[in-house]
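Below, each chain spelled out in residue letters.
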Amino acid sequence: GENVEQHPSTLSVQEGDSAVIKCTYSDSASNYFPWYKQELGKRPQLIIDIRSNVGEKKDQRIAVTLNKTAKHFSLHITETQPEDSAVYFCAAPYSGGGADGLTFGKGTHLIIQP
Amino acid sequence: DSGVTQTPKHLITATGQRVTLRCSPRSGDLSVYWYQQSLDQGLQFLIQYYNGEERAKGNILERFSAQQFPDLHSELNLSSLELGDSALYFCASSTGFSRIAKNIQYFGAGTRLSVL
C-alpha cells in the first residue's frame, strides 16, 4: 500500500501567522490528496482536497499545493485563528490511483498561541 | 453532523471477547470504510465495502471481519480481543469508487473500544 510521511508532528504558531504542514507519498499512481482536521475527541473532517491534475487549490485561508514530480503536497493556513488549533492529517489512496481507503500521515498537532 | 451514524459510542469488554460495531452510511452512499485510530498506529485503513461486496483490504487482522448488508449498513466484528485492540474505530462513507471522480469520505463519530 501507499506510504505517507507527514511533518512536523507538532507546530506552534502565533495567532495571525501562517502555518505549513508537509507530506510526502510513495506511489506515483496516487491521484487524490485530502486533508482532514480532527479536534479533540471528534471525527476527522475534510477541509480541502486536491487531485493530481491540479498544482494548487485555495479555499479562503486554506490552500494545498502538490508537486507530483517530487511526490509531496503541503497544507498552508494563513492568518491563523484559535479555532485552527487541532490535529491535521494528510492522506493518499491506500492502493495508489484507485478510489479505495486512505492511508493517513501520522498527523500534525497545530497549536495557535494567542 | 456528517450523516454517518455509528453505534455504540463506547464499548467496554474483556480480553478474549467478541464485539460488533455498527455503521449506517450517509443517504445515497454505497461505499463504507472502516478505520482504526490508536496512539501508536495512528489512523489506519482496515477494509472497504461497496454495495455489499468487499472492495479493498487494508491492515485488517484475521481476527477482525466486516460485512455490508442489503440496506448498506455495515458491521465490523472484532473477536478474540486483546488489550492492544483498544482504540477508536471510525466508519466513513462515500458515494462509491471511481477512477475519475473524487472519493470524498465522510466520517462517523466513532466507537471507542476499551478492552480490559
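Since the structure is predicted, the reported quantities are computational estimates derived from the model, not experimental observations.

Cut-offs used in this document
- Residue numbers here run from 1 along each chain, matching the order of that chain's written sequence.
- Going through the entries in the order they are written, you letter the chains from A and number the ligands from 1.
- Note on the predicted model: pLDDT of at least 70 is required for a residue's local features to be given, and 80 or more for side-chain atom pairs to be given and counted; whole-chain, interface and lining totals, by contrast, use all residues.
- Side-chain measures here rest on the full set of heavy atoms in the structure, leaving out hydrogens and waters.
- For the exposure calls, accessible area comes from a 1.4 Å probe over protein chains only, and a residue counts as buried if that area is under 20% of its type's maximum, exposed if over 50%, partly exposed in between.
- Runs of E in the DSSP output that reach at least two residues are strands. Runs of H or I that reach at least four are helices, and both are numbered from the N terminus.
- For two strands to pair, DSSP has to find at least two bridges joining them.
- In this analysis, two residues are considered to be in contact whenever any of their non-hydrogen atoms come within 4.5 Å of each other.
- Buried area: the accessible surface (1.4 Å probe) lost by two parts on joining, summed over both.
- We count a salt bridge whenever a side-chain nitrogen from Lys or Arg sits within 4 Å of a carboxyl oxygen from Asp or Glu.
- Polar contacts, as used here, are pairs of N or O atoms within 3.5 Å; protein pairs need one atom able to donate a hydrogen and one able to accept it. Residues neighboring in sequence count only if both atoms are side-chain atoms.
- Each residue gets one of three labels, nonpolar for Ala, Val, Leu, Ile, Met, Phe, Trp, Tyr, Cys and Pro, charged for Asp, Glu, Lys and Arg, and polar for the others, Gly among them.

> A description of the pairing of strand S5 (residues 42–50) of chain B should follow, citing residues and the corresponding values.
Residues and elements named next belong to chain B. Most of S5 is tucked away: eight of the nine residues are buried. As judged from the four bridges shared by S5 and strand S6 (residues 53–57), these two strands associate in the antiparallel manner. Considered in S6, the bridge of Gln-48 is made with Ala-56. If you look at the hairpin formed by S5 and S6, you'll find two residues sitting between the two strands, and Asn-51 has a positive phi there, around 50°.

> If you had to explain the interface of chain A and chain B to someone new, which residues and values would you point to?
Contacts between chain A and chain B engage 21 residues on the former and 29 residues on the latter. Taken over both partners, the interface formed by chain A and chain B buries close to 2000 Å², and the fraction arising from carbon and sulfur atoms is 53%. Linking chain A with chain B are zero salt bridges, by the criterion used here. Between the two partners, chain A and chain B, sit seven residue pairs in polar contact (both at pLDDT 80 or more). Mapped by element, the contributors of at least two residues to the side of chain A that touches chain B are strand S4 (32–38), strand S5 (45–51) and strand S10 (102–104) of chain A. Of the residues assigned to the side of chain A that touches chain B, the class counts are nine nonpolar, five polar and seven charged.

> Quick one: what's the story with the pairing of S5(A), residue by residue and with numbers?
All names here are of chain A. Here six bridges tie S4 to S5, and the two strands are oriented antiparallel to one another. Of the residues in S5, the one forming a bridge with Pro-34 is Asp-49. Counting the residues in the hairpin turn of S4 and S5 gives six residues, including Gly-41, whose phi is positive at 75°.

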